[in-house]
Number of protein chains: 2
Amino acid sequence: MITTTMSDVPLSLSRVLRHGARVFGGSECLTRTEDGFARASFREIGANAARLAKALTRLGIGHGDPVGSLSWNTAAHLEAYFGVPGMGAVLHTLNTRLTGRQLSTIVNHAGDRALIVDGTLVDQIVAIQDELPGVEFVIVVGDVPVDALRKPVHRYHELVAAEDPDFEWPEFDERSAASMCYTSGTTGEPKGVVYSHRSLVLHAMSLLSVQAYGPREDDRWLALVPMFHANGWGIPYAAFLSGASLVLPNRFMSAADIVGMVETARPTLAAAVPTLWALVRDHAREHPADLTSLRVGTSGGAAIPRSLLESLEVEQGVRIVQGWGMTETSSLAGMAVPPPGLAPGSPEDLTQRTASGRVLAGVDMRIVDDHGTVLPWDGESVGEIQVRGPSVTAGYHGDVAAEAFDAGWLRTGDVGTVDDRGFFRITDRVKDVIKSGGEWISSVELEDLLLGDPRVAEAAVIGIPDARWTERPLVFVVARDAVDPAELAGRLADSLARWQVPENWAFVSEIPKTAVGKIDKNALRTRFHAGGVDVVRSRAR
Amino acid sequence: MITTTMSDVPLSLSRVLRHGARVFGGSECLTRTEDGFARASFREIGANAARLAKALTRLGIGHGDPVGSLSWNTAAHLEAYFGVPGMGAVLHTLNTRLTGRQLSTIVNHAGDRALIVDGTLVDQIVAIQDELPGVEFVIVVGDVPVDALRKPVHRYHELVAAEDPDFEWPEFDERSAASMCYTSGTTGEPKGVVYSHRSLVLHAMSLLSVQAYGPREDDRWLALVPMFHANGWGIPYAAFLSGASLVLPNRFMSAADIVGMVETARPTLAAAVPTLWALVRDHAREHPADLTSLRVGTSGGAAIPRSLLESLEVEQGVRIVQGWGMTETSSLAGMAVPPPGLAPGSPEDLTQRTASGRVLAGVDMRIVDDHGTVLPWDGESVGEIQVRGPSVTAGYHGDVAAEAFDAGWLRTGDVGTVDDRGFFRITDRVKDVIKSGGEWISSVELEDLLLGDPRVAEAAVIGIPDARWTERPLVFVVARDAVDPAELAGRLADSLARWQVPENWAFVSEIPKTAVGKIDKNALRTRFHAGGVDVVRSRAR
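What this report covers is the structure whose coordinates are included nearby. (Residues numbered from 1 in each chain as written. Chains lettered and ligands numbered in written order. Predicted model: local features only at pLDDT ≥ 70, side-chain atom pairs only at ≥ 80, totals over all residues. Heavy atoms only, no water.)

## Structural notes on the overall build of chain A
Looking only at helices and strands, chain A has 15 helices and 27 strands in total. Its C-alpha atoms give chain A a radius of gyration of 25 Å, near enough to 24 Å, the size a compact globule of 541 residues would have. Its C-alpha atoms give chain A principal-axis dimensions of roughly 80 × 65 × 50 Å. Within chain A, the fraction of its 541 residues that count as buried is 60%. Counting only contacts in chain A whose residues sit at least 6 apart along the sequence, the fraction spanning at least 24 positions is 66%. Carbon and sulfur atoms make up 51% of the accessible area of chain A, which totals about 20,600 Å². Averaging the locations of the 51 positively and 68 negatively charged side chains of chain A gives two centres separated by 2 Å. (Helix = DSSP H or I, 4+ residues; strand = E, 2+ residues; numbered from the N terminus. Rg over C-alpha atoms; globule rule 2.2 N^0.38 Å. Buried < 20%, exposed > 50% of the residue type's maximum accessible area, 1.4 Å probe, protein only. Contact = heavy atoms within 4.5 Å. Areas by Shrake-Rupley, 256 points an atom, 1.4 Å probe, with all protein chains shown as cover. Lys, Arg positive; Asp, Glu negative; His and termini not counted. Charge placed at Lys NZ, Arg CZ, Asp CG, Glu CD.)

Have a look at this one:
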């Protein structure tokens, strides 16, 4: 029995920091300010992260203790990204858009002992400070009044300035918790994902491949995705492994701000959600701007409309590549980098790039049907996408929501196909897909097809019980003009298999929406089951 | 105390194989044959690796059992690279150039239970088969006579063809041994390095960065470095993670063969030792060839002469990047990819690329002087290079040669400098450097400078005892014309600090060489200490 002779050095974020600060010490982090950029070299970030680690140690924060951060994308936040986990504590990133109630719930659920808060966000903590019994002190970044805070306060810059940067980073089990993030689900109990040093380092390493971001030392990376979301999509750590400089927008997130940052800082990479890319495009249409420094833009968090992808490329010369991931997958787990041999901008290239992603090395993916059968990667079989890997969560903090896992696999809740090269396309959510006679009908696909008809202003599809087929689709339509449902069904029959064509229709004056503007399918289901929907049948199936 | 929620999936080579065979199933492995190339897709390699794993299991090979391979770079060897470790056994790669005595020593030291042998190399095993009591059977690749083998023989292709590819890869501790390799040191006890699944996967991941090989799916990678050396420089595993196709030269390793392979297979990447690159250049000078498919060539294993680097670039359009590594570091641990901003081919660019390497992410490096003091990364301080990391060995099989390690750091035996961007330059070996008055004088640097004098045909420098300075250099010169040592010393004084200029000279008719043509400094030391050297002094120090 042969045993390995290799070193058992643990993976750790402090080693990532040390690499970036030494080998790429001259790379920079530019933080947008009121009137320009504040510059810090990776060497300086490294020194400040060490000072912060030292200060937290002095203040009694210990191994495994959660420390919350409520902050924009700034150099100080980046220092916390390394300093807090590096000394053994756990950085709990807090979404700046949460309500006070949501904020206090997850701070208390995590048990945060301290908070690091950007000066512009202090009011959010003041408003809930009496509901945070476990928070012992608050570290405030920036020169703002803090009189309203009744917790002990430390000024970030004083705290850091008072320490030497000669902190000796401790070495510990790589499975130690490093950071945590709650998913954005607005209902039910809070679901926290706790990343480990191991999972974050492996994730960051996987991002260096050209199949992922492929960052280079001469890149400048505009990180528009908030650092309070899923490790800022892994960009901060990947930057320190690759030497790519960072451009951090701080709180300046309007389309005009972003376009201005591109024109002045000349980033080569950028990452954002599709809605932000749309705002950027719209702004650049009205106020012509030079965005061509960007060699590639990543879009993720939701499907990007093909028209947006095309217009950014054709009008602005910005090539978008679509990524896919979840808080539960440490962010990026798939990237729709097209395979070789497609002419950039060709229809095949664009079609390929509308895939949701291509599975990254380190991520196992499978699609599974209702009966637990694993389906082939043929680009056609539709099932729930499930993933597994060293950077994928296998549970939630406090062991809640066990139903989201299946023997170590994360049930993503997304429904889609995978082709024989690992490109996957998400077509619906598990809870929205219509299970008809053992086959799945995508509600999203039906809605998209219906919206292609000029007479249809809005469309929403839910599944309703059916004695023979288990479920059948019910289509809610807000019509611009009077329209015969048989006609709409006939049009759909051109694009769909016969059994996919819906026969139940409801013409309504409006479709209910959630607070964030999405179709509220739960409200539609409730209305249907309460008998409040007039269903018209287009034909018998 | 927060604990991680992340999955504890182990890193394993079977997951690397599965990724390559599924996501890049259409990528290819081209093995050179007598009259062309044998092609196998990554999908086929994956299926055959599974069949091999199944056959080995059936033959009684178990977890942790060593299985030797004596083979060129071929598809079958690639299948063994995945199949043997994937099922839990340990692939022990054997250097085809070893003597029978060396071969039997390491086969027995490792305890190989079986051997996988290329048909063209069977005679090497036949010659020593009676000295291999632990080897239970031999698997022969290729259709050659095997009558002379007195061990039980299996034909590789029959073995593989008899199995289904539906092997279920076992999951086990990622620190399980995966493969092993003995260092090429010709003296002393055999030193085996045993890689783990963890170390190999982390190493392969680190190679995907553009700071390392940066392979892409549209690359074709000509792997000229033998797969029996240090994981074939990590190329086989990195190919399966990146989708880069492989071109394997088999036993066809002449300069004409290699140039022919470049012209027909059109590889974009290639990796070889400098002597092979020199042969390729020389051949291409005499028989003009088109090598321009190569976007980058890696040179490693020894320092590449600047003239060779320049001539390959200027004459053949082949850009060489220098890499550094050892068997003990899983191969590549540094790569001299120039920093941004240097014009390709400019003098600065070339100088930068004559660095030995730039430390890769995942590798900790330090330089240490005689007293154990860690020296700064200033590009000037000279010390022994020591490394540490999850893909660096912390010992040798059987716990031999403990003196090669210092508190978890591998003492490389190389002496050099590191600059403030992690570029290191190896200037000498620890055993050859001259320790003079607390400072180190590079014997190699002195030799190089002396060889720049047209009157000097050969030069070799050793350290000799000195009452005041501990050691001082003694220079052996084979002169073309009579030359005054004071004159040579005067010339050296133009390039060196005063204390570095040697004052002890010995004019000889020849300099002893080792079997592989290197200067035999041990022989020179022995001759000096036996009083057999006439020392001339150029001046008093």
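So, next bit.
## Topic: the packing of aromatic side chains
Residues and elements named next belong to chain A. All told, the structure shown has 16 aromatic pairs over all chains when counted by the stated rule. Here the aromatic rings of Trp324 and Phe424 are separated by 5.4 Å at their centres, their planes lie at 80°, and the arrangement is edge-to-face. Taken as a pair, Trp324 in strand β14 (residues 320-326) and Phe424 in strand β21 (residues 423-429) lie far apart in primary sequence, 100 residues in all. Assigned by exposure class, Trp324 and Phe424 land together as buried. Clustering of aromatic rings is evident, with ring pairs tying together Phe42, Tyr81, Phe82, Tyr237 and Phe240. (Phe/Tyr/Trp six-rings, centres within 6.5 Å; stacked < 30°, edge-to-face > 60°.)

## Quick word on unusual backbone geometry
Of note in the backbone geometry, Ala407(A) takes a positive phi value of approximately 50° without being a glycine. Here Ala407(A) shows up in the loop between β19 (405-406) and β20 (409-418). Using a relative accessible area of 71% as the deciding quantity, one classes Ala407(A) as exposed. Despite not being glycine, Asn231(B) has its phi angle at roughly 60°, a positive value. Note on placement: Asn231(B) falls in the loop between β10 (220-223) and α8 (235-242).

## What about the relation of the copies chain B and chain A?
Least-squares fitting of chain B to chain A yields an RMSD of 0.1 Å, with the transformation described by 0.0 Å of translation along the axis and a rotation of 180°. Considering both components of the superposition, the chain copies are consistent with a two-fold axis. No C-alpha of chain B lies nearer the rotation axis than that of Ser209(B), which sits 2.8 Å from it. By residue overlap, the copies meet face to face through one surface: 100% of the interface positions of chain B are interface positions in chain A. (Least-squares fit on C-alpha atoms with pLDDT ≥ 70 in both.)

## With respect to the interface of chain B and chain A
The interface is formed by 74 residues belonging to chain B together with 74 residues belonging to chain A. Interface area, chain B with chain A, both sides summed: about 5,600 Å², of which 56% is carbon and sulfur. When residues of chain B are sorted by the area they lose upon contact with chain A, Ile2(B), Thr5(B) and Met6(B) head the list and together hold 14% of the total. Where chain B meets chain A, there are 12 salt bridges. Of all the secondary structure elements, the ones that give two or more residues to the side of chain B that touches chain A are α1 (13-23), β8 (177-182), β9 (192-196), α7 (197-206), α8 and β17 (364-368) of chain B. Residue classes in the side of chain B that touches chain A are distributed as 34 nonpolar, 22 polar and 18 charged. (Buried area = accessible area lost by both parts, 1.4 Å probe. Salt bridge = Lys/Arg side-chain N within 4 Å of Asp/Glu carboxyl O. Nonpolar A, V, L, I, M, F, W, Y, C, P; charged D, E, K, R; others polar.)

## Re the pattern of salt bridges
All names here are of chain A. If you walk through the whole model with that rule in mind, you get 75 salt bridges over all chains. With a closest N to O distance of 2.7 Å, Glu315 and Arg285 form a salt bridge. Pair noted here: Glu315 is in helix α11 (residues 306-316) and Arg285 is in helix α10 (residues 274-286), with a separation of 30 residues, a long-range link. Note on Glu315: relative accessible area 38%, which makes it partly exposed.

## A look at the sheet that holds β8(B)
All names here are of chain B. The sheet built from seven strands is open, its strands ordered β7-β6-β5-β3-β4-β8-β9 with mixed pairing. Two strands in the sheet have a free side with no partner beyond their single neighbour: β7 (153-155) and β9. Put simply, the sheet's adjacent strands are angled 25° from each other on average, direction ignored. Pairing geometry for β8 and β9, over five bridges, is antiparallel. Looking across to β9, one finds that Tyr182 is bridged to Gly192. Across the face of the sheet, α7 comes into contact with β8 and β9 while running at roughly 75° to β9. (Pairing = 2+ DSSP bridges. Axes fitted to C-alpha atoms, helices over the stretch in contact; angles between N-to-C directions.)

## Re helix α4 (residues 100-110) of chain B
All names here are of chain B. Within the sequence span of α4, burial applies to Leu103, Ser104, Ile106, Val107 and Ala110. Close packing links the buried residues of α4 with β3 (66-70), β4 (90-94), β5 (114-118), α5 (122-126) and β8. Trailing α4 by a residue or two, Gly111 shows a phi angle of about 85°, which is positive.

## Observations regarding the sheet that holds β10(B)
All names here are of chain B. Strand order in the open sheet made by the eight strands is β2-β1-β11-β10-β12-β13-β14-β15, with mixed pairing throughout. Edge strands, defined here as strands with exactly one partner in the open sheet, are β2 (36-41) and β15 (331-335). Strand-to-strand twist of the sheet, defined as the mean angle between neighbouring strand axes without regard to direction, takes the value 25°. Alignment of β10 against strand β11 (residues 245-248), held across three bridges, turns out to be parallel. Across the sheet, residue Arg220 finds its bridge partner in β11, namely Ser245. Its contacts with the sheet place helix α2 (residues 42-58) against β1 (28-33), β2 and β11, and it is angled at close to 75° to β2.

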